[in-house]
Structures are given as C-alpha cells and as structure tokens.
Amino acid sequence: MTDKNATISNAFQTFMTEAPDHAKAWGGMIQSLGQASALDAKTGELAYIAVLAALNRTSGIPFHVISAKEKGASREEVISAVLVGLPAAGHGVTQALPVALEAFDQE
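Residues numbered from 1 in each chain as written. Predicted model: local features only at pLDDT ≥ 70, side-chain atom pairs only at ≥ 80, totals over all residues. Heavy atoms only, no water.

Draft legend 1. Summary view of unusual backbone geometry. Despite not being glycine, Asn56 has its phi angle at roughly 60°, a positive value. For Asn56, the location among the structural elements is in the loop between α3 (41–54) and α4 (61–70). The partly exposed category is assigned to Asn56, whose relative accessible area is 48%. (Helix = DSSP H or I, 4+ residues; strand = E, 2+ residues; numbered from the N terminus. Buried < 20%, exposed > 50% of the residue type's maximum accessible area, 1.4 Å probe, protein only.)

Draft legend 2. Representation of the environment of Arg75. One can find Arg75 in helix α5 (residues 75–83). We classify Arg75 as partly exposed; its relative accessible area is 31%. Between the C-alpha atom of Arg75 and that of Val65, which follows or precedes it by 10 residues, the distance is 9.3 Å.

Draft legend 3. Layout of the packing of α3 against α5. Across the interface, α3 lies against α5 with an axial gap of 7 Å and an inter-helix angle of 45°. In terms of orientation, α3 lies oblique with respect to α5. Judged by the twist between their axes, the crossing of α3 over α5 is right-handed. Across from Lys42, Leu46, Ile49, Ala50 and Ala53 in α3, the residues of α5 making contact are Glu77, Val78, Ala81 and Val82. (Axes fitted to C-alpha atoms, helices over the stretch in contact; angles between N-to-C directions. Parallel < 35°, antiparallel > 145°, perpendicular 65-115°, else oblique. Left-handed = near helix turned anticlockwise from the far one by under 90°. Contact = heavy atoms within 4.5 Å.)

Draft legend 4. Representation of the packing of helix α1 (residues 10–18) against helix α2 (residues 20–36) in the model. Orientation of α1 relative to α2, taken along the N-to-C sense of each, is 110°, at an axis distance of 5 Å. The orientation of α1 with respect to α2, classified from their angle, is roughly perpendicular. Taken together, the residues of α2 that come into contact with α1 (itself represented by Phe12, Phe15, Met16, Thr17 and Glu18) are Pro20, His22, Ala23 and Trp26. Partitioning the contact of α1 with α2 into residue classes produces six nonpolar, two polar and one charged. (Nonpolar A, V, L, I, M, F, W, Y, C, P; charged D, E, K, R; others polar.)

Draft legend 5. The arrangement of the nonpolar core in detail. Judged by nonpolar contacts, the single largest core of 18 residues is most densely connected at Leu46, Ile49, Ile61, Val65, Val78 and Val82. Put simply, the parts of the chain that give this core at least two residues each are α3, α4, α5 and α7 (96–105). Examining the composition of this core, we find that six residues originate from one element, α7, more than from any other. Excluding anything up to four places from it in sequence, Ile49 contacts His64, Val65, Ala68, Ala81 and Val82. (Core = buried A, V, L, I, M, F, W, Y, C linked by side-chain atoms within 4.5 Å.)

Draft legend 6. Layout of α4. Among the 10 residues in α4, seven count as buried, and that is most of the element. Along α4, the residues that are buried comprise Ile61, Pro62, His64, Val65, Ile66, Ser67 and Ala68. Remark: Gly72 follows α4 within two positions and exhibits a positive phi of approximately 105°.

Structure, rendered in structure tokens:
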C-alpha cells in the first residue's frame, strides 16, 4: 500500500518542517475536531475529499483518499465524494477526479 506520508504536499511538508510549533498546534486542533465529529472516520474522510474537490485544493486529495481507502472506502465512494459538490460547486470538481483516482489506484 502507498505510504500516506509520500502523498503530503511539498507546501504542507515545508509547513511541518519550518514551523513545527504551528504545525503541532494545527494537528492538535484537527485531532480535536475529528473527535468532536459525529461522523465515522471513513465518512469524515469522504466528506473532507468532497470539500477539497469543491475548493479545488487537489494537493491534499491523495493523502485523504489513501486514508479513506484504509478506512474501507471503495473506489466508487471516492468518486461519489469528489462529485457530490457538482451541483453546488460546478464542474470544477471534476479536476479532482483524476488526482483522487490515481491515489486510490496506487498499490
């Protein structure tokens, strides 16, 4: 299986390396929000993929697709997550589809 750390964008890796105190604070906040969520882990990852696709933040998609896959998401669920924002965000979400599928299909 693909190493999730290999899918972290250069920008986020730089953030973690060059601003470790900020990165630690960010990570703590993310963890707290995850614990507060009523969504199960897989659904949370799929929702996050949908938001990233809608915002055209494709650099974070590989990491979250691999995480969703590890939590049991199917290829079809990942496709649906990317495309769920189609009515509200427009066809721009389709830009995330090849990125998401490439990440999902990696061994």
